[in-house]
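# Structural description and commentary
Each chain, letter by letter, is given below.
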Amino acid sequence: MNATLLDSNTFPAFEVYTARDLERIPQLERLPRQARFDMQVVSTVLPFRVNRYVVEHLIDWDAVPDDPIYQLTFPQRGMLADEHYETIATLLERGAEKAQLEEAVKRIRQALNPHPAGQIELNIPRDDSGEPIWGLQHKYPETVLFFPAQGQTCHSYCTFCFRWAQFVGDKTLRIATSQARQLTEYLRRHPEVTDVLFTGGDPMVMKTSHLAAYLEPLLEPEFAHIRSIRIGTKALTFWPFRFLDPDEGDALMRLFERVLAAGKHLAIMAHLNHWRELEPEATQRAIARLRGIGATLRGQAPLIRHINDDPDVWAKLWQKEVELGIIPYYMFVERDTGAKQHFAVPLVRCWTIYRDAASRVSGLARTVRGPSMSASPGKAEILGVSTVAGERVFVLRFLQARDPQWTYRPFFARYDENATWLDELEPAFGEREWFWSAAYRSMTERPAPAVEPVN
Ligand code: SF4
């Protein structure tokens, strides 16, 4: 790792390694042969992509395999269940036909819950004729998520990513559109929407001209109800030069200035897993540049085993964010998809880590909400563990909910030290179901759109 090698005038070429290039990564030569084969097996099923900047400047190869950024970007054996691992390993070892391998991969991916939390069934909105609008998700009344087709990749992939299905080249698993018109027509019909989140993938992989084609229509007076533009990105740490280079970086700043001049709040939702990501000078310059034009930066990330399941890591991350001008915003719980069994942390430990980390920082860093599960009924925050009427319980509430009436209403779950997700919990005090269960059931009764994105 060499975090200081890049001086302020150096803009390295962007070069990525994918599953086909594992043998080309010189740093991997020092790993045992078995570890490299494991990577090959896992990356046959789950997406792998890492750029040279991350390999050379963020990973401490002397600390591998424990290095958190290595765990964040390189496939690990435990990411596949034994049965899935054996299937693919056997096929690779015996040089199986491409079609046979693809069939096995497809079957395994479908078993990994590619679109958790009702994303396809419940979040894809419909047009007036009832047709699904692929490329949009509308779960909470005030916020629409937009998935631009050109932004459905990232500068590197995170091993735990819950959007992994967007990256595996299977269009039936992908949510995206290249039509700005779909977004504008939808927003025109939904004056209750105040926030648009550009997401992916990472919208910052897009050329500025593509991003402008989606963003600029929203600056017109007819979209005065859109008050905030959010951009979810990990480019600040995976490829900070996106914000710095004299062509695309400058053009991006001019575009963002137009957004701000139109009176919108521009929020960069920075995906930050570990304080180490904030050390490189290029990242700090990119943050300063965005702040300099008036953008607001917020930091968010899931709590992940092997990467950041340590209160010291979170305390240092939040402290560093505050120093650099990023508002600590969310600590998420790892979602129930993909390689969850490898990365999940029990809810009770998530809460302990959150509380311990919060106790080590000043109030300025305690703006973080969480640990929060982005579950199908809503964002369920764990408020704590308590004993009520002699029963040990989790206390929870929805920070956001499909029905806004559910928001912030505390509810109780029976204590379960192994539970890692909302649907593994049961209502406390002998209740048969949650207070939202009946209403949620009626929401889920409409037929799901056929999984066939048009783009
Ligand atoms: S940057 Fe975000 S979308 Fe991209 S791989 Fe990482 S978690 Fe997934």
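Residues numbered from 1 in each chain as written. Predicted model: local features only at pLDDT ≥ 70, side-chain atom pairs only at ≥ 80, totals over all residues.

Turning our attention to the domain arrangement of the chain. On domain assignment, one finds that the chain holds domain 1 (16-111) and domain 2 (119-443). Distance from the C-alpha centre of domain 1 to the C-alpha centre of domain 2: 26 Å. Taken together, the contacts link 21 residues of domain 1 with 22 residues of domain 2. Of all the elements in the fold, those that place two or more residues in the side of domain 1 that touches domain 2 are strand 2 (49-51), helix 2 (52-58) and helix 3 (68-73). (Domains from an automatic or database assignment. Contact = placed C-beta atoms within 7 Å. Helix = DSSP H or I, 4+ residues; strand = E, 2+ residues; numbered from the N terminus.)

It is worth spelling out helix 1 (residues 33-45) at this point. Over its 13 residues, helix 1 runs 19 Å from end to end, which matches the ideal 18 Å to within 8%, given 1.5 Å per residue. For helix 1, the complete set of buried residues consists of Asp 38, Met 39, Val 41, Val 42, Ser 43, Thr 44 and Val 45. Of the surrounding elements, those touching the buried residues of helix 1 are helix 4 (82-93) and helix 5 (98-111). (Expected span 1.5 Å × (residues − 1). Buried ≥ 20, exposed ≤ 12 C-beta atoms within 10 Å, placed from the backbone.)

Turning our attention to the sheet that holds strand 3 (residues 136-140). Strand order in the open sheet formed by 11 strands is 3-4-5-6-7-8-9-10-11-12-13, and the pairing between neighbours is mixed. The open sheet terminates on both sides in strands that have one partner only, identified here as strand 3 and strand 13 (411-414). The sheet shows a mean angle of 30 degrees between the axes of neighbouring strands, direction not considered. For strand 7 (residues 265-271) and strand 8 (residues 296-303), the ladder comprises five bridges, and the chain directions are parallel. Bridge pairing in strand 8 places Ile 268 opposite Leu 297. Together, strand 8 and strand 9 (326-333) form the strand contacts of helix 12 (residues 311-324), whose direction differs from that of strand 9 by roughly 150 degrees. (Pairing = 2+ DSSP bridges. Axes fitted to C-alpha atoms, helices over the stretch in contact; angles between N-to-C directions.)

Attention shifts here to the pairing of strand 7. For strand 6 (residues 228-233) and strand 7, the ladder comprises six bridges, and the chain directions are parallel. Each residue of the ladder has a partner; that of Ile 231, found in strand 7, is Ile 268.

Over its 13 residues, helix 14 (residues 347-359) extends 18 Å from the first C-alpha to the last, a length consistent with the 18 Å expected when each residue adds 1.5 Å. Every buried residue of helix 14 is listed here: Leu 347, Cys 350, Trp 351, Ile 353, Tyr 354 and Ala 357. All buried residues of helix 14 project into a common sector of 160 degrees when viewed along the axis, lining one side. Along its buried surface, helix 14 packs onto strand 8, helix 12, strand 9, strand 10 (369-374), strand 11 (378-388) and strand 12 (391-401). (Arc of directions from axis to C-beta.)

This part takes up the nonpolar core. For soluble globular proteins, the rule of thumb is that nonpolar side chains tend to be buried together. Within the largest apolar cluster, 112 residues are counted, with the highest numbers of intra-cluster contacts made by Val 54, Phe 146, Cys 350 and Phe 394. Per-element tally for this core: the top contributor is helix 14, with six residues. Both domain 1 (16-111) and domain 2 (119-443) contribute no fewer than three residues apiece to this core. If we ignore the near neighbours within four places in the chain, the residues touching Cys 350 are Leu 303, Val 333, Val 345, Pro 371 and Ile 382. (Core = buried A, V, L, I, M, F, W, Y, C linked by C-beta atoms within 7 Å.)

Along the chain, Phe 256 falls in helix 10 (residues 248-261). Sequence-wise, Phe 256 and Thr 352 are 96 residues apart; in three dimensions their C-alpha atoms are separated by 39 Å. If we skip the residues at most four places from it in the chain, Phe 256 touches Leu 266, Ile 293 and Ala 295.

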